[in-house]
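Chains, contacts and geometry: an overview
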Amino acid sequence: MDYIGHVIRPPSEAYSMIIQVTVGCSHNMCTFCGTYKDQKFRIKDIETIKRDIDEASRYRFDRVFLADGDVLILPTETLLEIIAYIKKKNRHIERIGVYANTKAILKKTVEELKELNRAGIGILYQGIETGNKVILRRIKKGAFPHRMMEAAGKVKEAGILLSQTVLLGIGGVEMSRQHAEDTGRLLGEMSPDYASALTVMLLPNTELFRDWRSGAFRLPDKFGLLEELRIIIQNMDVKNPCLFTSNHASNYLPLRATLPEQKEEILSLLDRVLKARDETILKPEHLRAL
Ligand code: SF4
């Protein structure tokens, strides 16, 4: 397979065939993200992509994830051509997923999104990180809450499953509470099908790392991060069932709950953990990863 650079995928795509159709991320500005810092964004040529699909098709798989960051930025016709080729070679494919940033979603019309859904795109992964405007500006996310809301609405209208991620610790100690409250409220308003919390990892090739080293950014401690998780869940008043997880490798405490049904249950579990402040039940630092 023609994998270039660091190819990542969401935890829920662990058993999917990964076809890399872009290299890097079209935005590549977020201050905390070091994944594609050494890659100039480009769309791979269609012949290389088809060769990878041919090679992958020697095996049976039901789901496909199209990497790298922000594949939805591709022209709709190109995406449709890639999907059609995957399906021609693998008639039993159940679902195709991609990362999609807010700008890329907003560039598509609802009709285009519906067409992509009919073709096979079944889930979009949208990075939210925080619901707080000040922090979004600081981390150079390139999107604000009202635009994220608009994008989420389009995805849902098109009938595509929506999975959103937020980032514990991204507001630092200084904005920890505002970050958690605004993020919980925004997730509640958007009511995605899936929501996941990841935890900031300080990567040496990022602007956030340099801020941390200079003292300009301070990360909350482990229990401060779990307190954020608690506030996010508490403020998440979802309108539809949402599977909330914190089982990403970066987190100290893996959780999985369907909201709103299990909200009280998960909040009381977090209360017990926060009260006990027992580090031995948390993931050891050396096992954390991206
Ligand atoms: S977090 Fe996502 S949008 Fe931001 S630079 Fe990394 S891959 Fe790109």
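Attention in this report is confined to the structure presented alongside it. (Residues numbered from 1 in each chain as written. Predicted model: local features only at pLDDT ≥ 70, side-chain atom pairs only at ≥ 80, totals over all residues. Heavy atoms only, no water.)

Description of the site of the ligand
To keep it simple, the criterion reads: Consider each residue's heavy atoms; a residue with any of them within 4 Å of a molecule or strand counts as near. Residues are sorted three ways: Asp, Glu, Lys and Arg are charged, Ala, Val, Leu, Ile, Met, Phe, Trp, Tyr, Cys and Pro are nonpolar, and all the rest, Gly among them, are polar.
Taken together, the residues surrounding the ligand are Cys 25, Asn 28, Met 29, Cys 30, Phe 32, Cys 33, Tyr 36 and Lys 141. Residue classes in the shell around the ligand are distributed as six nonpolar, one polar and one charged.

Concerning the pattern of salt bridges
Going by this rule: Just to be clear on terms, a salt bridge is a Lys or Arg side-chain nitrogen sitting within 4 Å of an Asp or Glu carboxyl oxygen. To qualify as a helix, a DSSP run of H or I must reach at least 4 residues; to qualify as a strand, a run of E must reach at least 2; elements of each kind are numbered from the N terminus. Partly exposed residues are those whose accessible area sits between 20% and 50% of the maximum for their type, while under 20% is buried and over 50% is exposed, using a 1.4 Å probe and protein chains only.
This model, assessed by the stated rule, comprises 16 salt bridges. The closest approach of N and O atoms between Asp 221 and Arg 277, which form a salt bridge, is 3.7 Å. In this pair, Asp 221 is assigned in the loop between helix 8 (207-214) and helix 9 (222-235) and Arg 277 in the segment after helix 10 (263-276), connecting sequence segments 56 residues apart. For Arg 277, a relative accessible area of 47% translates into the label partly exposed. A salt bridge links Lys 263 to Asp 237, with the shortest nitrogen-to-oxygen separation between them at 2.9 Å. With Lys 263 in helix 10 and Asp 237 in the loop between helix 9 and strand 9 (242-245), the pair connects residues that are 26 residues apart, well separated along the chain. Assessed through its relative accessible area of 10%, Lys 263 is described here as buried. Since its relative accessible area comes to 54%, Asp 237 is described here as exposed.

Side note on the packing of aromatic side chains
This is how it is decided: Each Phe, Tyr or Trp ring (for Trp, its six-membered ring) is paired with any other whose centre lies within 6.5 Å, and the angle between the two planes then decides the class: stacked below 30 degrees, edge-to-face above 60, tilted in between.
Here the structure, examined in full by the defined rule, presents four aromatic pairs. Judged by centre distance (5.9 Å) and plane angle (70 degrees), the ring pair of Phe 65 and Tyr 125 falls under edge-to-face. Separated by 60 residues along the polypeptide, Phe 65 in strand 4 (residues 63-67) and Tyr 125 in strand 6 (residues 121-129) bring together distant segments of the chain. Its relative accessible area of 7% is what places Tyr 125 among the buried residues. Consider the rings of Phe 209 and Trp 212, whose centres lie 5.4 Å apart with planes at 45 degrees: the pair is tilted. Taken as a pair, Phe 209 and Trp 212 lie in helix 8 at a separation of three residues, close to a single helical turn.

Details of the packing of helix 6 (residues 145-157) against helix 7 (residues 176-190)
Quick reminder of the rule: Between N-to-C directions, angles cover 0 to 180 degrees, with each direction set by a line fitted to C-alpha atoms, over the stretch in contact for helices. Should an angle fall under 35 degrees it is called roughly parallel, over 145 degrees roughly antiparallel, and 65 to 115 degrees roughly perpendicular, with every other angle called oblique. In this scheme the handedness of a crossing depends on how the near helix is turned from the far one: anticlockwise by less than a right angle means left-handed, clockwise means right-handed. In this analysis, two residues are considered to be in contact whenever any of their non-hydrogen atoms come within 4.5 Å of each other.
Closest axis-to-axis distance for the helix 6/helix 7 pair is 10 Å, and the angle between their directions is 30 degrees. The pairing of helix 6 with helix 7 is recorded here as roughly parallel in orientation. In the packing of helix 6 onto helix 7, the handedness of the crossing is right-handed. Seen from helix 6, the contacting residues are Pro 145, Met 148, Met 149, Ala 152 and Lys 156; seen from helix 7, they are Leu 186, Glu 189 and Met 190.

Thoughts on the pairing of strand 6
Threshold: Whether two strands pair comes down to DSSP finding at least two bridges between them.
Most of strand 6 sits out of view: nine of its nine residues are buried. Alignment of strand 6 against strand 7 (residues 161-168), held across six bridges, turns out to be parallel. Looking at strand 7, one finds that Leu 124 is bridged to Leu 162.

Here we look at the side chain of Ser 16
Stated formally: As used in this structure description, the phrase polar contact means that two N or O atoms lie within 3.5 Å; if the pair is within protein, one of them must be able to donate a hydrogen and the other to accept it, and residues adjacent in sequence are counted only when both atoms belong to side chains.
As for its placement among the helices and strands, Ser 16 is situated in the segment before strand 1 (17-20). The class for Ser 16 is buried, based on a relative accessible area of 11%. Polar contacts involving the side chain of Ser 16 include one to the side chain of Glu 13, which spans 2.5 Å. Sequence-distant contacts of Ser 16, that is, excluding residues within four places in its chain, are made with Arg 63, Val 64 and Phe 65.

Examining the environment of Asn 90
Take Asn 90: it is sitting in the loop between helix 2 (76-89) and strand 5 (95-99). With relative accessibility at 2%, the residue Asn 90 sits in the buried group. Linking Asn 90 and Arg 63, residues 27 residues apart in sequence, is a C-alpha distance of 10.0 Å. Asn 90 has contacts with Ile 53, Ser 57, Tyr 59 and Phe 61, leaving out every residue within four places of it along the chain. A polar side-chain atom of Asn 90 sits 3.1 Å from a polar atom in the side chain of Ser 57.

In short, shape yes, function no, at least from these values alone.
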